[in-house]
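Below are the chains, spelled out letter by letter.
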Amino acid sequence: MRLLLEEAAETLLQGGVVAVPTETVYGLAASLASSKAIEEVFALKKRPGNNPLIIHIGRKEQLRELVESFPPGFELLAEAFWPGPLTLVLPVRESAVPERARAGLPTAAFRMPAHPIALELLKKTGPLLMPSANLSGRPSATAPEHVEQDFGTAFPVLDGGVCLQGVESTILIYQEGWKIGRLGALPAAVFTPLLGEEPPFARKAACPGRLHRHYSPKALLIAGDEIPEDAEALVGFEERRYPKTLPFFSLGSLKDPEAVARNLYRTLRTLDSQKVAKAWVDLDLPEEGLWATLKERLSRAVSGCRDAEV
Ligand code: TXA
Ligand code: MG
């Protein structure tokens, strides 16, 4: 069910849950003030309780009552990248952010999205909790119909069209300096001019979401040099030639990582809507810039990947 902005704001203020567009992926929004809505978000997504929710803001002043202290460099990062696909983990005032939403951590993740509809909504509602609007472990939703695939056509969605970036925000965590908690739409190198170095990775446990299986369609995805005999489809790049003739699901061109990012989750979801049971994925991607994010997402979508610990 598609909602107008006013209806979405009203639903959220009354403790309902609504899917909201952002420039990265759709989010499943809940008011910080509604413990019922927060429970519903965990239940709808089937999200483990130890994986906290991101808080989205529409104006920087909305942080004042939620955040306990700002690590060095916060202002520079927020000034340079907000609104935009950067999430910053900050120490919170524990009384202002429900413990359940932050999975008991003394910190929370914050982001100001760059989607005009999301910003307008956030200015009306105040800060919203908003994890990605997909079933836990599944590919994120980059269009309203993806939200409906996971939660049904009756689910309330604020329609903002197709997401411009197509992959989630980059997460930075301050641990004796800013560290990458999750690769995302902003490549690590964009932070070098501000931070004086490309931020290193945080310990994996620093970002609870990295411990869970993620981004996988129902189709079994296989990577590697050999295309298995029983593969029903190939997922790869338009300029490559592959040694088997099977239905081909193109991620786009190796010359255009931004377009591949926009195609990624749609392509993985199409495998499921076409009832593909097993597909081979070309994981031979470049390493630099946004490709690092795309390789991480695809590797984690592939079954048996190193990161799928839970
Ligand atoms: O682009 C995005 O970030 C999208 C859109 C909707 O804004 N949201 C998103 O949310 O990707 P979600 O919940 O799918 O991913 C949030 C990640 C999770 O991996 C979670 O573990 C991590 O943020 N996170 C949340 N709070 C944290 C905290 N206090 N410390 C470290 N990581 C945290
Ligand atoms: Mg997610």
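Details of the structure are given in the entry above.
1. What to know about the pattern of salt bridges
Consideration 1: Tallying each qualifying case throughout the model produces 19 salt bridges.
Consideration 2: Lys-295 is paired through a salt bridge with Glu-287; the nearest N and O atoms lie 3.2 Å apart.
Consideration 3: Since its relative accessible area comes to 55%, Glu-287 is described here as exposed.

2. Details of the site of ligand 1
Consideration 1: As a matter of local geometry, ligand 1 sits amid 27 residues, with Thr-24, Asn-51, His-56, Ser-169 and Gly-209 nearest to it.
Consideration 2: One of the side-chain N or O atoms of Arg-47 is found 2.9 Å from an oxygen atom in ligand 1.
Consideration 3: Interatomic distance of 2.9 Å between a side-chain N/O atom of Arg-111 and an oxygen atom of ligand 1.
Consideration 4: Protein chains bury 98% of the 680 Å² of accessible surface belonging to ligand 1 in isolation.
Consideration 5: Of all the secondary structure elements, the ones that give two or more residues to the shell around ligand 1 are strand 6 (107-111) and strand 9 (170-174).

3. Some thoughts on the side chain of His-56
Consideration 1: By the element assignment, His-56 lies in strand 4 (residues 55-56).
Consideration 2: With residues up to four places along the chain from it excluded, the contact list for His-56 reads Arg-111, Pro-113, Leu-122, Pro-127, Leu-128 and Met-130.

4. Examining the packing of aromatic side chains
Consideration 1: Scanning the entire structure with this criterion turns up nine aromatic pairs.
Consideration 2: With 5.8 Å between their ring centres and 75° between their planes, Phe-74 and Trp-82 make a pair best called edge-to-face. A single burial state applies to Phe-74 and to Trp-82, both of which are buried.
Consideration 3: On the numbers, 5.8 Å between centres and 25° between planes, the contact of Tyr-215 with Tyr-265 is stacked. Here Tyr-215 is found in the loop between helix 6 (192-195) and strand 11 (220-222), whereas its partner Tyr-265 is found in helix 7 (residues 257-273), with 50 residues between them in sequence. A single burial state applies to Tyr-215 and to Tyr-265, both of which are buried.
Consideration 4: Feature note: the residues Phe-70, Phe-74 and Trp-82 constitute an aromatic cluster, connected by ring pairs.
Consideration 5: The lysine or arginine in question, Arg-100, covers the ring of Phe-42, its NZ or CZ lying 4.1 Å from the ring centre.

Reading the values: rules and limits
Residue positions are given per chain, counted from 1 along the sequence in the order it is written. Chains and ligands are labelled by the order in which they are written, letters from A for the one and numbers from 1 for the other. This being a predicted model, a pLDDT of at least 70 is required before a residue's local features are given, and a value of 80 or more before pairs of side-chain atoms are given or counted; all residues contribute to the totals for chains, interfaces and linings. Here the side-chain values reflect all heavy atoms present in the structure, with hydrogen atoms and water set aside. Any Lys or Arg side-chain nitrogen found within 4 Å of a carboxyl oxygen on Asp or Glu counts as a salt bridge. Between buried and exposed lies partly exposed: a residue is buried under 20% and exposed over 50% of the maximum accessible area for its type, with that area taken using a 1.4 Å probe on protein chains only. A cutoff of 4 Å decides nearness: a residue is near a molecule or strand if any of its heavy atoms lies inside that distance of it. Residues adjacent in sequence count toward polar contacts only when both atoms are side-chain atoms; beyond that, a polar contact is any pair of N or O atoms within 3.5 Å, and within protein one must be able to donate a hydrogen and the other to accept it. Note that accessible areas follow from Shrake-Rupley with a 1.4 Å probe, and for residues the cover is restricted to the protein chains shown. Secondary structure is summarised from DSSP: a helix means a run of H or I of at least four residues, a strand means a run of E of at least two, and numbering begins at the N terminus for each. Any pair of residues with heavy atoms lying within 4.5 Å of one another is described as a contacting pair. Within 6.5 Å between ring centres, the rings of Phe, Tyr and Trp (the latter by its six-membered ring) count as paired, and their orientation is classed by plane angle as stacked under 30 degrees, edge-to-face over 60, tilted in between. Lysine NZ or arginine CZ positioned within 6 Å of the ring centre and within 35 degrees of the ring normal marks a charge as sitting over the ring.

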